Amino acid sequence: MKAVDLSKITPEVYKRLRRKVTLLENKLHKKETDLVHKTIKQLLKRITVQPGNIDIVFNSDWYSVDGNDLLANKTKTEYELSLPFHTRRRGVESKIVIGGKNKSHQYIDQNLIEAVRRSNEWWQWLTSGAVNSVKAVAERASVDASDVTRYLPLAFLAPDIVEAIVDGNQPIDLNIEHLKKLSPIPANWNKQRKVFGFAV
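Predicted model only: the values in this text are computed from it and were never measured. (Residues numbered from 1 in each chain as written. Predicted model: local features only at pLDDT ≥ 70, side-chain atom pairs only at ≥ 80, totals over all residues. Heavy atoms only, no water.)

## Some points on the packing of aromatic side chains
Inclusion rule: Between rings of Phe, Tyr and Trp, where Trp is taken as its six-membered ring, a pair exists when centres lie within 6.5 Å; planes separated by under 30 degrees are stacked, by over 60 edge-to-face, and by other angles tilted. Under the scheme used here, helices are H or I runs from DSSP no shorter than 4 residues and strands are E runs no shorter than 2 residues, and both carry numbers assigned from the N terminus. The classification of residues rests on relative accessible area computed with a 1.4 Å probe and restricted to protein chains. Under 20% of the type maximum is buried, over 50% is exposed, and intermediate values are partly exposed.
Under the defined criterion, the tally for this structure stands at one aromatic pair. Seen from their ring centres, Trp123 and Phe156 are 4.9 Å apart, and the 75° between their planes marks the pair as edge-to-face. Of this pair, Trp123 sits in helix 3 (residues 110-128) while Phe156 sits in the loop between helix 5 (145-151) and helix 6 (159-167); the two residues are 33 residues apart in sequence, bridging distant segments of the chain. Assessed through its relative accessible area of 37%, Trp123 is described here as partly exposed. Assessed through its relative accessible area of 37%, Phe156 is described here as partly exposed.

Okay, structure coming up:
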(Lines give C-alpha, C1' and ligand atoms only; values in the text may rest on other atoms or scores of the structure.)
Protein backbone atom coordinates (compact mmCIF):
# COMPACT_ATOMS: atom_id res chain seq x y z
CA MET A 1 0.00 0.00 0.00
CA LYS A 2 2.91 2.36 0.79
CA ALA A 3 4.34 1.83 -2.67
CA VAL A 4 1.18 2.89 -4.52
CA ASP A 5 0.14 6.49 -5.11
CA LEU A 6 -3.43 6.60 -3.77
CA SER A 7 -4.01 10.33 -4.09
CA LYS A 8 -6.31 10.09 -7.14
CA ILE A 9 -8.44 7.05 -6.37
CA THR A 10 -11.98 7.05 -5.03
CA PRO A 11 -12.89 5.81 -1.52
CA GLU A 12 -14.63 2.78 -3.03
CA VAL A 13 -11.53 1.78 -5.02
CA TYR A 14 -9.43 2.33 -1.90
CA LYS A 15 -11.67 -0.06 0.06
CA ARG A 16 -11.40 -2.68 -2.69
CA LEU A 17 -7.64 -2.24 -2.77
CA ARG A 18 -7.49 -2.70 1.01
CA ARG A 19 -9.47 -5.94 0.70
CA LYS A 20 -7.10 -7.13 -2.03
CA VAL A 21 -4.06 -6.40 0.16
CA THR A 22 -5.67 -8.28 3.07
CA LEU A 23 -6.28 -11.31 0.84
CA LEU A 24 -2.66 -11.25 -0.33
CA GLU A 25 -1.44 -10.93 3.26
CA ASN A 26 -3.53 -13.94 4.30
CA LYS A 27 -2.08 -16.01 1.47
CA LEU A 28 1.47 -15.12 2.56
CA HIS A 29 0.73 -16.44 6.06
CA LYS A 30 -0.50 -19.82 4.83
CA LYS A 31 1.51 -22.95 5.53
CA GLU A 32 1.19 -24.18 1.94
CA THR A 33 4.62 -23.40 0.48
CA ASP A 34 3.41 -23.57 -3.14
CA LEU A 35 0.68 -20.98 -2.47
CA VAL A 36 3.16 -18.64 -0.76
CA HIS A 37 5.63 -18.93 -3.65
CA LYS A 38 2.87 -18.33 -6.20
CA THR A 39 1.67 -15.25 -4.31
CA ILE A 40 5.18 -13.83 -4.06
CA LYS A 41 5.69 -14.32 -7.81
CA GLN A 42 2.37 -12.57 -8.41
CA LEU A 43 3.43 -9.63 -6.24
CA LEU A 44 7.06 -9.06 -7.05
CA LYS A 45 8.96 -8.17 -10.19
CA ARG A 46 12.39 -7.91 -8.61
CA ILE A 47 14.23 -7.27 -5.35
CA THR A 48 17.54 -5.44 -5.29
CA VAL A 49 19.71 -5.54 -2.18
CA GLN A 50 22.29 -2.79 -1.84
CA PRO A 51 24.39 -1.80 1.19
CA GLY A 52 21.89 -0.52 3.74
CA ASN A 53 18.85 -0.67 1.45
CA ILE A 54 16.40 -3.16 -0.09
CA ASP A 55 14.44 -2.03 -3.18
CA ILE A 56 11.28 -4.02 -3.92
CA VAL A 57 9.59 -3.58 -7.30
CA PHE A 58 6.02 -4.87 -7.53
CA ASN A 59 4.42 -6.37 -10.62
CA SER A 60 2.03 -3.98 -12.34
CA ASP A 61 -0.95 -6.38 -12.14
CA TRP A 62 -0.96 -7.28 -8.45
CA TYR A 63 -3.81 -4.86 -7.78
CA SER A 64 -6.22 -6.45 -10.26
CA VAL A 65 -9.25 -8.36 -8.97
CA ASP A 66 -10.98 -10.88 -11.24
CA GLY A 67 -9.30 -9.27 -14.22
CA ASN A 68 -10.47 -5.77 -13.30
CA ASP A 69 -7.76 -3.20 -12.80
CA LEU A 70 -8.44 -1.36 -9.52
CA LEU A 71 -6.15 1.47 -10.62
CA ALA A 72 -7.35 1.88 -14.17
CA ASN A 73 -6.12 5.47 -14.31
CA LYS A 74 -2.67 4.65 -13.02
CA THR A 75 0.26 6.57 -14.42
CA LYS A 76 2.88 4.02 -13.36
CA THR A 77 3.47 0.57 -14.77
CA GLU A 78 5.35 -0.60 -11.70
CA TYR A 79 5.69 0.42 -8.09
CA GLU A 80 8.79 0.47 -5.92
CA LEU A 81 9.20 0.32 -2.15
CA SER A 82 12.57 1.22 -0.63
CA LEU A 83 13.43 -0.15 2.82
CA PRO A 84 16.56 0.79 4.79
CA PHE A 85 18.13 -2.02 6.81
CA HIS A 86 21.21 -2.97 8.77
CA THR A 87 22.68 -6.27 9.92
CA ARG A 88 23.24 -7.25 13.51
CA ARG A 89 25.51 -10.10 14.56
CA ARG A 90 24.53 -12.41 17.41
CA GLY A 91 27.11 -15.11 17.94
CA VAL A 92 27.62 -16.97 14.67
CA GLU A 93 24.49 -15.64 12.96
CA SER A 94 23.70 -12.31 11.31
CA LYS A 95 20.21 -10.85 11.32
CA ILE A 96 18.72 -8.31 8.92
CA VAL A 97 16.90 -5.58 10.83
CA ILE A 98 14.48 -3.55 8.70
CA GLY A 99 14.38 0.15 9.46
CA GLY A 100 18.03 1.14 9.52
CA LYS A 101 20.19 1.78 12.54
CA ASN A 102 18.28 4.80 13.73
CA LYS A 103 14.56 4.38 14.34
CA SER A 104 12.50 7.25 13.03
CA HIS A 105 9.76 6.78 15.62
CA GLN A 106 9.06 5.27 18.98
CA TYR A 107 7.38 1.89 19.28
CA ILE A 108 5.75 1.21 22.63
CA ASP A 109 5.45 -2.58 22.86
CA GLN A 110 2.71 -3.24 25.42
CA ASN A 111 3.46 -6.99 25.49
CA LEU A 112 7.08 -6.29 26.37
CA ILE A 113 6.11 -3.75 29.04
CA GLU A 114 3.64 -6.21 30.53
CA ALA A 115 6.30 -8.93 30.68
CA VAL A 116 8.61 -6.61 32.64
CA ARG A 117 5.77 -5.54 34.94
CA ARG A 118 4.73 -9.13 35.69
CA SER A 119 8.29 -10.21 36.38
CA ASN A 120 8.61 -7.48 39.02
CA GLU A 121 5.27 -8.47 40.51
CA TRP A 122 6.35 -12.13 40.70
CA TRP A 123 9.60 -11.15 42.39
CA GLN A 124 7.65 -9.11 44.96
CA TRP A 125 5.47 -12.16 45.69
CA LEU A 126 8.58 -14.22 46.34
CA THR A 127 10.42 -11.66 48.49
CA SER A 128 7.32 -10.77 50.52
CA GLY A 129 6.66 -14.42 51.36
CA ALA A 130 3.29 -14.42 49.59
CA VAL A 131 4.58 -17.48 47.71
CA ASN A 132 7.66 -19.60 48.25
CA SER A 133 8.44 -21.22 44.90
CA VAL A 134 8.36 -20.77 41.15
CA LYS A 135 5.60 -23.36 41.00
CA ALA A 136 3.52 -21.34 43.47
CA VAL A 137 4.07 -18.17 41.39
CA ALA A 138 2.92 -20.02 38.28
CA GLU A 139 -0.22 -21.28 40.00
CA ARG A 140 -1.09 -17.85 41.38
CA ALA A 141 -0.44 -16.12 38.04
CA SER A 142 -2.15 -18.89 36.01
CA VAL A 143 0.88 -19.38 33.76
CA ASP A 144 3.32 -22.20 33.08
CA ALA A 145 6.23 -22.55 35.49
CA SER A 146 8.55 -22.42 32.45
CA ASP A 147 7.26 -18.91 31.67
CA VAL A 148 7.99 -17.79 35.21
CA THR A 149 11.53 -19.18 34.96
CA ARG A 150 12.03 -17.53 31.56
CA TYR A 151 10.69 -14.07 32.41
CA LEU A 152 11.50 -13.66 36.12
CA PRO A 153 15.02 -12.36 35.31
CA LEU A 154 13.35 -9.33 33.67
CA ALA A 155 12.88 -8.07 37.24
CA PHE A 156 16.64 -7.44 37.29
CA LEU A 157 17.04 -5.45 34.08
CA ALA A 158 19.31 -2.42 34.02
CA PRO A 159 17.28 0.73 34.80
CA ASP A 160 18.14 2.32 31.45
CA ILE A 161 16.83 -0.77 29.62
CA VAL A 162 13.53 -0.62 31.54
CA GLU A 163 13.25 3.11 30.79
CA ALA A 164 13.90 2.53 27.08
CA ILE A 165 11.21 -0.19 26.93
CA VAL A 166 8.62 1.96 28.72
CA ASP A 167 9.39 4.93 26.43
CA GLY A 168 9.32 2.77 23.28
CA ASN A 169 13.00 3.34 22.52
CA GLN A 170 14.12 -0.29 22.63
CA PRO A 171 15.92 -1.83 19.61
CA ILE A 172 13.49 -2.61 16.81
CA ASP A 173 13.90 -6.39 17.17
CA LEU A 174 13.61 -6.55 20.97
CA ASN A 175 10.25 -8.19 21.60
CA ILE A 176 8.66 -11.15 23.39
CA GLU A 177 9.67 -13.58 20.64
CA HIS A 178 13.28 -12.44 20.98
CA LEU A 179 13.15 -12.89 24.77
CA LYS A 180 11.92 -16.46 24.35
CA LYS A 181 15.13 -17.28 22.48
CA LEU A 182 17.36 -15.83 25.21
CA SER A 183 18.12 -18.42 27.85
CA PRO A 184 19.09 -17.38 30.37
CA ILE A 185 18.88 -13.58 30.44
CA PRO A 186 22.24 -12.45 31.87
CA ALA A 187 22.31 -10.76 35.28
CA ASN A 188 25.17 -8.45 34.29
CA TRP A 189 23.77 -5.15 33.02
CA ASN A 190 26.41 -4.66 30.32
CA LYS A 191 25.79 -8.16 29.03
CA GLN A 192 22.05 -7.44 29.04
CA ARG A 193 22.60 -4.35 26.91
CA LYS A 194 24.70 -6.37 24.47
CA VAL A 195 22.31 -9.32 24.02
CA PHE A 196 19.27 -7.00 23.82
CA GLY A 197 20.93 -4.90 21.10
CA PHE A 198 21.57 -1.68 23.02
CA ALA A 199 24.73 0.33 22.40
CA VAL A 200 27.34 -0.58 25.02
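The structure having been displayed, the exposition proceeds.
## Examining the side chain of Asp55
What counts is decided by this rule: Positive charges come from Lys and Arg alone, negative charges from Asp and Glu alone, with His and the N- and C-terminal ends not counted. Here, a salt bridge means any Lys or Arg side-chain nitrogen found within 4 Å of an Asp or Glu carboxyl oxygen. A 3.5 Å cut-off defines polar contacts: any pair of N or O atoms within that distance qualifies, except that in protein one atom must be a possible hydrogen donor and the other a possible acceptor, and neighbouring residues in sequence count only when both atoms are side-chain atoms. The contact rule is simple, with two residues in contact once any of their heavy atoms fall within 4.5 Å.
Mapping Asp55 onto the fold places it in strand 2 (residues 53-58). The buried charged residue Asp55 lacks any salt bridge, with Arg46 as its nearest oppositely charged partner at 8.0 Å. Among the polar contacts made by the side chain of Asp55, one reaches the side chain of Gln50 at a distance of 2.8 Å. At 2.9 Å, the side chain of Asp55 forms a polar contact with the side chain of Asn53. If near-sequence neighbours (up to four positions away) are discounted, Asp55 is found in contact with Arg46, Ile47, Thr48, Gln50, Glu80, Leu81 and Ser82.

## A look at the packing of helix 3 against helix 4 (residues 134-141)
Filter applied, for reference: Every axis in this analysis is a line fitted to C-alpha atoms, fitted for helices over the stretch in contact. Angles between the N-to-C directions lie between 0 and 180 degrees. Angle categories are assigned with fixed cut-offs, so that under 35 degrees is roughly parallel, over 145 is roughly antiparallel, 65 to 115 is roughly perpendicular, and the rest are oblique. Throughout, a crossing is termed right-handed when the near helix is turned clockwise from the far one, and left-handed when it is turned anticlockwise from it by less than a right angle. In this classification, Asp, Glu, Lys and Arg are treated as charged, Ala, Val, Leu, Ile, Met, Phe, Trp, Tyr, Cys and Pro as nonpolar, and every other residue, Gly included, as polar.
Contact pair helix 3 / helix 4: the axes reach a minimum separation of 10 Å and the direction vectors enclose 125°. Judged on the interaxial angle alone, helix 4 and helix 3 are oblique. With respect to the hand of their crossing, helix 3 and helix 4 are arranged in right-handed fashion. Only Val137, Arg140 and Ala141 of helix 4 make contact with helix 3, whose side of the interface consists of Trp122, Trp125 and Leu126. Per-class residue counts for the contact of helix 3 with helix 4 are five nonpolar, no polar and one charged.

## A word on the pattern of salt bridges
One pass over the structure, following the stated rule, counts six salt bridges. A salt bridge links Arg193 to Asp160; the shortest N-O distance between them is 2.9 Å. Here Arg193 is found in helix 8 (residues 189-196), whereas its partner Asp160 is found in helix 6, with 33 residues between them in sequence. The buried category is assigned to Arg193, whose relative accessible area is 16%. In this structure Asp160 comes out as partly exposed when scored by relative accessible area, which is 36%. Note that Lys180 is salt-bridged to Glu177, the shortest N-O span being 3.5 Å. With Lys180 and Glu177 both in helix 7 (residues 176-181) and three residues apart, the pair spans about one turn of that helix. Given the relative accessible area of 48%, Glu177 is considered partly exposed. Put simply, Glu114, Arg117 and Glu121 are held in one network by salt bridges that share partners.

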